[in-house]
Amino acid sequence: MTTTQKGNATGHPAPGNDKTIEALEPAKLAAADFPIVGIGASAGGLAAIEAFFSGMPADSDPGMAFVLVQHLAPDHTSILTELVQRTTRMKVFEVQDGMVVHVNCAYIIPPNRDMAFLNGTLQLLEPSAPRGHRLPIDFLFRSLAQDQRERAIGIVLSGTGSDGTLGVRAIKGEGGMVMVQNPESCEFDGMPRSAVATGLVDYELPPAEMAVQLLAYVGHAFGKPPRVATVAAPQNENALKKIFILLHTQTGHDFSQHKTSTIYRRIERRMAVHQVDSIDSYVKYLQQTPLEAHALFRDLLIGVTNFFRDPEAFEVLEKQVIPKLFDAKPAGAVIRVWSAGCSTGEEAYSIAILLQERLDQLSQNYQVQLFATDIDSRAIATARAGIYPANIVGDISPARLARFFTPESDGSAYRVRKGLRDMLVFSEHDLIKDPPFSKLDLISCRNVLIYMGTDLQKKLIALFHYALVPGGMLFLGTSETVGELSGLFAVLDRKAKVYQSKEDFQGSKRTAMGRVLSHLPPATARNGVRALMAGPTTLPTRKPSLRELTEQALLQQVSPAGALVNDQGDILYLHGRTGMFLEPAAGDAGINNILKMSREGLRRDLTTALHKAAITNERVRAPGLRVKTNGHFTRVNLTVCPLTQGVAAALESPLFLVILEEAPAPDAHEGPQAVLPLIAGKDAGAQIAELHEEIRTQEEHLHAANEELETSNEELKSSNEEMQSINEELQSTNEELETSKEELQSINEELATVNTELHTKVTDLSRANNDMNNLLAGTGIGTVFVDHDLRILRFTPAATPILNLILSDVGRPIAHIASNLVGYDHLVADTQSVLKTLLPKEVDVLTAEGKSYTLGILPYRTLDNVIEGAVITFVDITEMVRTREALRAANELARLAVVVRDAFDAITVQDLDGRIIAWNPGAVRMYGWTELEALKMNVRSRIPAALQQESLTSVHRLSHSGTLEPYQTQRIAKDGSIKEVSLTSTALVNESGQMYAIATTERTLAAKITPPTKARHASPE
């Protein structure tokens, strides 16, 4: 943060005054002492912005600066500047490129620009992403967090999408504060809900209440002189210890070995959030509020990450590291990777993408196991789900986004594709107390160690070296190194912080094992140490050949004593009888050093020779050394040979062979003596020359000793006393049993991790299977799944009565099943045709029970669009068929009714007792009775008495023949007249063939009408 006049808004340069800005001296652009508030909203957030600034005090300055970013159309003229100016006493400016930010001022983003905060100035950039994919709020928040760190404050107001979510993570990662508008008060709640879902939001308030809370927070956080965390008072140290105890009790995790300064900053921020004045008061608040312990725990985790964070480092990983992982493995081998401290999974998925791309390039079959762990259960749950906000488009290339991610239906998020997701196993894991994974080819632990103390960093680096295979890769954050344990790793890329594991000759793996055991429960640790001290496992040995027996006997008789050592003199292997020349050194039994074990008369020359051989890389010989052995002196020839061929040439540390062979004495009568006396008869000059040579040798030895002492001092300064004691304690243990014990613990942890993942998947699959079974059973649709060979895979209960299926039919070809279908016997042929053409097929079928079904056959497609069989469905359409038949009959009756209604003849229907049940308009015209009157009559009242017997005979004949030929008869009209008619009678029968009514068609023949008086006499009484 920079300003020309701190805290003086009146000294503000005019907007766009480039000369004023250029005139600012670099020395004056110091970090400002006021917080910067970044506010993000969409175009629909004007009301929220107005409510926020209306809540600011009208009679005092807030003591901070505000930078507003709003989603605007490129050609939109913003009215936000005028709107904010009306609601606040602060000066409000629309930003111009390079504008310096001052206290008590508000700055508004112009249309069609991205805005970043850098060194106290606002920089405008042309948008690189197309409209609809731009994330200006994230862009500002990220730059604000990097520039202002704990003085950065982010506020997310009403808006759609997820812009601002990644910026919230960045601000929280640097120790800033985040406010979000509560979704209930939002016109559009997409952005606030996405920010709240991170679990990093400090305040969730309506806009009108934000200003009061913001001023209170700033007053507590920045209104007092900054505390110096490195010089903590004793009472503060005690309070920190209490906080560590409460955290461990509530969360099960130990933060006592993390950096005190980082812990203290996080605690101070939580104190400012709750307006707590002293750390002792915060301890009481922590005791009374268990949820605060979890909130502090989440703040301490620093869960800030994104896809391909630090692109240059990931480029090194892609081009240099990952190819080496596969180059050292044969086809079909397993590549094991561990992403430690993976947070919400972005880094783990980034590594998985690079591994998958490498697999595609090689076109060979490798098995990749990628373990991703973190102590935050909420972060692991997010990583397992594999759903990320839409603003990840700013971190992932379009090609990778299209290949490895699927957009959600509403466009608000992206989901990791199943093929990539299956490469990873996510699990909760504590680096400090849980056993590590083993036999790993790559460990990625980025931006985790920087928050831990030096001692804990050393333990974890040694632990990583143990977990890696020789030559395995370690990928650290840009601010992290292997520190004092550089002897265990070779630098592959110093800038990207990529290291390669070296071969271990110093027992560092055993040291790492001791650290792991020290964190386990006491019983487990005791068992582990007991197993380590038990010695190597007895392995079956094969019977040596005669050649080997002969060679061993010759070596024992003629070969000199020797020792294989490194450049420090540590003994790696002893050969022959060395007791005449070496004896155990006093003190703790650690790694045996040949220089310390050398007897009197040998140490000085051996030190000089080893030092000279290490420098010149040539053989060094020192003949005729007088070595004191059990009270007398023995002449010894010393030879130091560098090993430069074979396996030794490929090792990181040079190795040397020290050969000790007894030399014949020059005088057989020479007795044991400590000092060589002057020989009276010997030439004095020769003796002086010998003394000069001895002095020269002493000087060389002293020079070598001084260099060795300097090297030792440098090493001792960087050594940890605890690590050294553990190292010396475990040097004599057997490497094979110790490694086996640790591998077993690692495998158990790995199995527990896989078991947890599988248990989660089994639970999800069981729930999905139950849902699918209930869905299929609830629909009542008979469904049969078959594979390419038409073998039954599964079926629903509704298909049982159609195809006579039972549970044991699963796995049988469907052609072997006898179905209840009538007139349809080409189910197999139709299914094979669908599998061949991939075109669905439908046909209506009938069962022996008379039920109708629509048979559908369609291909079975997986999520990857692979055809793995067919799906046969039976939809019951019996009621539909009946309804269709009834509708057809009704239509026919309707058409018949139209004919009857419009016919000129009289058409009537009577039951077997003669009651009239139908009377058409023609009958009304012919006889005069209306339909209502006729339906109350009996046909006998319309037949003259003389003809009633004939009518009964006709009915009898009609019951046998069904239809009578037209015949002439008489019928009585309403006015009493008798009409001569031609009558046709038809029997109406039901489904069982029985007659239930008679239909008649009557037509007048001539105008021969009987007078009414006669008709009355003829009518029956």
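One can find the structure itself at the top, above this paragraph.
Residues numbered from 1 in each chain as written. Predicted model: local features only at pLDDT ≥ 70, side-chain atom pairs only at ≥ 80, totals over all residues. Heavy atoms only, no water.

A.B. asks: Let's hear about the sheet that holds strand β21 (residues 561-566): which residues, and what values?
C.D. replies: Pairing is antiparallel across the open sheet formed by five strands, whose spatial order is β22-β21-β25-β24-β23. Edge positions in the sheet fall to β22 (571-575) and β23 (620-629), since each has one partner strand and no second. With strand direction ignored, the average angle separating the axes of adjacent strands in the sheet is 25 degrees. In the sheet, β21 pairs with strand β25 (residues 655-662) via six bridges, with the strands oriented antiparallel. Along β25, the bridge assignment pairs alanine 561 with leucine 660. (Pairing = 2+ DSSP bridges. Helix = DSSP H or I, 4+ residues; strand = E, 2+ residues; numbered from the N terminus. Axes fitted to C-alpha atoms, helices over the stretch in contact; angles between N-to-C directions.)

A.B. asks: Describe the packing of helix α7 (residues 207-222) against helix α9 (residues 260-273), naming the residues involved and giving the relevant values.
C.D. replies: Running from N to C, α7 and α9 point in directions that differ by 140 degrees, and their axes come no closer than 8 Å. Relative to α9, α7 is oriented oblique. Where α7 crosses over α9, the two elements pack in a sense that is right-handed. The segment α7 lies against α9, with Gln213, Tyr217, His220 and Ala221 engaging Arg269, Ala272 and Val273. (Parallel < 35°, antiparallel > 145°, perpendicular 65-115°, else oblique. Left-handed = near helix turned anticlockwise from the far one by under 90°. Contact = heavy atoms within 4.5 Å.)

A.B. asks: So what about the environment of isoleucine 432? Which residues, and what values?
C.D. replies: Inspection of the secondary structure puts isoleucine 432 in the loop between β16 (424-428) and β17 (440-445). Taking C-alpha positions, isoleucine 432 is 8.0 Å from aspartate 254, a pair spaced 178 residues apart along the chain.

A.B. asks: Go over the packing of aromatic side chains with me, naming the residues and quoting the values.
C.D. replies: Inspection of the entire model under this criterion finds 17 aromatic pairs. Relative to phenylalanine 437, the ring of phenylalanine 371 lies with its centre 4.6 Å away and its plane at 15 degrees, an arrangement referred to as stacked. A residue pair is termed long-range when its members are at least 10 positions apart, and phenylalanine 371 in strand β12 (residues 367-374) and phenylalanine 437 in the loop between β16 and β17 qualify at 66 residues. The pair phenylalanine 371 / phenylalanine 437 is uniform in exposure class, with both members buried. Ring pairs connect the aromatic residues Phe307, Tyr349, Tyr388, Phe405 and Phe426, which therefore count as one cluster. Arginine 942 extends its terminal NZ or CZ atom over the ring of tyrosine 927, reaching a point 4.4 Å from the ring centre. (Phe/Tyr/Trp six-rings, centres within 6.5 Å; stacked < 30°, edge-to-face > 60°. Buried < 20%, exposed > 50% of the residue type's maximum accessible area, 1.4 Å probe, protein only. Lys NZ or Arg CZ within 6 Å of the ring centre and 35° of its normal.)

A.B. asks: Tell me about the nonpolar core, and please be specific about residues and values.
C.D. replies: Counting residues in hydrophobic clusters, the biggest one holds 45 residues, and the most contacted among them are Leu317, Leu355, Phe405, Phe426 and Leu442. Apart from residues lying up to four places away in sequence, phenylalanine 426 is in contact with Cys342, Gly345, Ala348, Tyr349, Ala372, Ile380, Ala383, Arg384, Arg421, Thr753 and Glu757. (Core = buried A, V, L, I, M, F, W, Y, C linked by side-chain atoms within 4.5 Å.)

A.B. asks: With reference to specific residues and values, describe the sheet that holds strand β31 (residues 867-876).
C.D. replies: The strand order across the open sheet built from six strands is β27-β26-β31-β30-β29-β28, with neighbouring strands paired in antiparallel fashion. Strands at the two margins of the open sheet, each flanked by one partner only, are β27 (792-795) and β28 (821-822). Looking at chain direction, β28 and strand β29 (residues 841-847) are connected through two bridges and run antiparallel. Bridge assignment links leucine 821 to a residue of β29, and that residue is threonine 847. Helix α27 (residues 827-837) contacts β26 (782-786), β29, β30 (852-861) and β31 of the sheet and is inclined by roughly 35 degrees relative to β30.

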